[in-house]
Amino acid sequence: MKNSNAFTLAEVLITLGIIGIVAAMTMPTLIQKNNNRVVETRLMKFYSAINQAVKMAEVDYGDKKIWFEDLTGADIDKDGNPVPGSSDAEKWFNKYFAPYLKIIKTETLSGGTFIVYFPDGSALKQDGPHTTRDWVFYPGNAQKCMDSGNKYGVCVFSFNFYPSASVGDDENAWKWVYTKDKGFEPWKFRWDGTEEQLKDLCYNKKMNGSVGGLNYCTTLIQINNWKIPDDYPYKVSY
């Protein structure tokens, strides 16, 4: 009888089973690493683009402290719908930012805030209808993130724009020290300047005054050279 070097059916099935187990164990890690890279890249890209827009607006309109305004979003009618064209915040954004950004769509949301969408799938939204100081950035599917509860530090990341903040003799001056004379910055309101505080707030979801700790996750990523820290406790998505 001739010797056969072929694999038996049982050996093939065992091999395929082992490959399947290894793939099942490694795929989630690979997917998460890809998610991290995409979120990191889009956060860094947005930060660069929005602050370049600030600089270009200053060429046309002067110092950002002069043209900054803290404005409200759209009015809401008796049926609970936003009134078209009533958002002072959107008008202000369209004047000072939109001409210098690549925006594919603008949408007024039911609560009166507005959101702009960028070509790479990311988006920027007014964070609350009563201010243009606070903003949130979605690195990917904004609607999916909003539907899931706006998971800060996961699929939505907090920013401030408050260049005219007063840091004179006001006893509350220190709260805005990282936004005065600045452009769009990751959330740094009431930050003491240490990485330890950022991790304590972000990782443990603590409150900093009236501010939720997850807002500070954006700054933590920024000071880590726009990289998700190795010990980051949340699985980011886009």
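Residues numbered from 1 in each chain as written. Predicted model: local features only at pLDDT ≥ 70, side-chain atom pairs only at ≥ 80, totals over all residues. Heavy atoms only, no water.

**Concerning helix α5 (residues 195–204)**
Along an α-helix, a turn takes 3.6 residues, which lines up residues three or four apart on a common side.
Phase 1: Within α5, the full set of buried residues consists of Q197, L198, L201, C202 and Y203.
Phase 2: Residues of α5 that are buried sit in contact with β7 (207–208) and α6 (217–223).
Phase 3: Backbone geometry just after α5 places K205 at a positive phi near 55°. (Buried < 20%, exposed > 50% of the residue type's maximum accessible area, 1.4 Å probe, protein only. Helix = DSSP H or I, 4+ residues; strand = E, 2+ residues; numbered from the N terminus. Contact = heavy atoms within 4.5 Å.)

**So, the pairing of strand β4 (residues 134–138)**
Phase 1: Burial analysis of β4 places five of its five residues in the buried class, the great majority of the element.
Phase 2: Side-chain alternation along β4 places D134, V136 and Y138 on one buried face and W135 and F137 on a second face that is also buried.
Phase 3: In the sheet, β4 pairs with strand β5 (residues 157–160) via four bridges, with the strands oriented antiparallel. Following the sheet pairing, F137 is matched in β5 by F157. (Pairing = 2+ DSSP bridges.)

**Re a nonpolar patch on the surface**
Phase 1: There is a patch of nonpolar side chains on the surface, built from L9, V12, L13, L16 and I19 and spanning about 500 Å² of accessible area.
Phase 2: You can see L16 is positioned in helix α1 (residues 9–61). (Patch = residues over 30% accessible without salt bridge, like charges linked within 9 Å, V, L, I, M, F, W, Y side chains within 5 Å. Areas by Shrake-Rupley, 256 points an atom, 1.4 Å probe, with all protein chains shown as cover. Salt bridge = Lys/Arg side-chain N within 4 Å of Asp/Glu carboxyl O.)

**Re the side chain of K188**
Phase 1: The residue K188 is located in the loop between β6 (185–186) and α5 in this model.
Phase 2: Apart from residues no more than four positions distant in its own chain, K188 is found in contact with N160, K175, Y178, Y216, T219 and Q222.

**Examining the sheet that holds strand β3 (residues 123–126)**
Phase 1: The antiparallel open sheet is built from six strands, whose spatial order is β1-β2-β3-β4-β5-β6. The strands lining the two open edges of the sheet, one partner per strand, are β1 (105–108) and β6.
Phase 2: One ladder, built from two bridges, connects β5 with β6; its direction is antiparallel. Within the sheet, the bridge partner assigned to N160 lies in β6 and is E185.
Phase 3: Docked against the sheet, helix α3 (residues 88–96) engages β1, β2 (114–117), β3 and β4, running at close to 30° with respect to β2. (Axes fitted to C-alpha atoms, helices over the stretch in contact; angles between N-to-C directions.)

**Observations regarding the state of the cysteines**
Phase 1: All chains considered together, the criterion is met by two disulfides.
Phase 2: In this model C145 forms its disulfide with C155; the gap between the sulfur atoms is 2.0 Å. Every disulfide takes its handedness from the sign of the S-S torsion; for C145 and C155 that torsion is 75°, giving right-handed. Residue C145 is found in helix α4 (residues 142–147), and its partner C155 is found in the loop between α4 and β5; the two are separated by 10 residues along the sequence. Considered together, C145 and C155 belong to a single accessibility category, that of buried residues.
Phase 3: Here C202 connects covalently by a disulfide to C217, the sulfurs 2.0 Å from one another. Taking the torsion about the S-S bond as the criterion, the C202 to C217 disulfide, at about 100°, is right-handed. Here C217 lies in helix α6 and C202 lies in helix α5, a separation of 15 residues in the sequence.
Phase 4: For C217, a relative accessible area of 0% translates into the label buried.
Phase 5: Counting only the cysteines that form disulfides, in the order they appear in the protein chain, gives the pairing 1-2, 3-4. (Disulfide = S-S within 2.5 Å.)

**Digging into the nonpolar core**
In summary, soluble globular proteins display a tendency toward joint burial of nonpolar side chains.
Phase 1: Of all hydrophobic cores here, the largest spans 49 residues; its most connected members are W92, F97, F159, F184 and Y232.
Phase 2: Only α1, α3, β2, β4, β5, α5 and α6 provide two or more residues apiece to this core.
Phase 3: Counting residues per element, this core draws most heavily on α1, at eight residues.
Phase 4: With 10 residues, the next largest nonpolar core counts L109, I115, Y138 and C155 among its residues. (Core = buried A, V, L, I, M, F, W, Y, C linked by side-chain atoms within 4.5 Å.)

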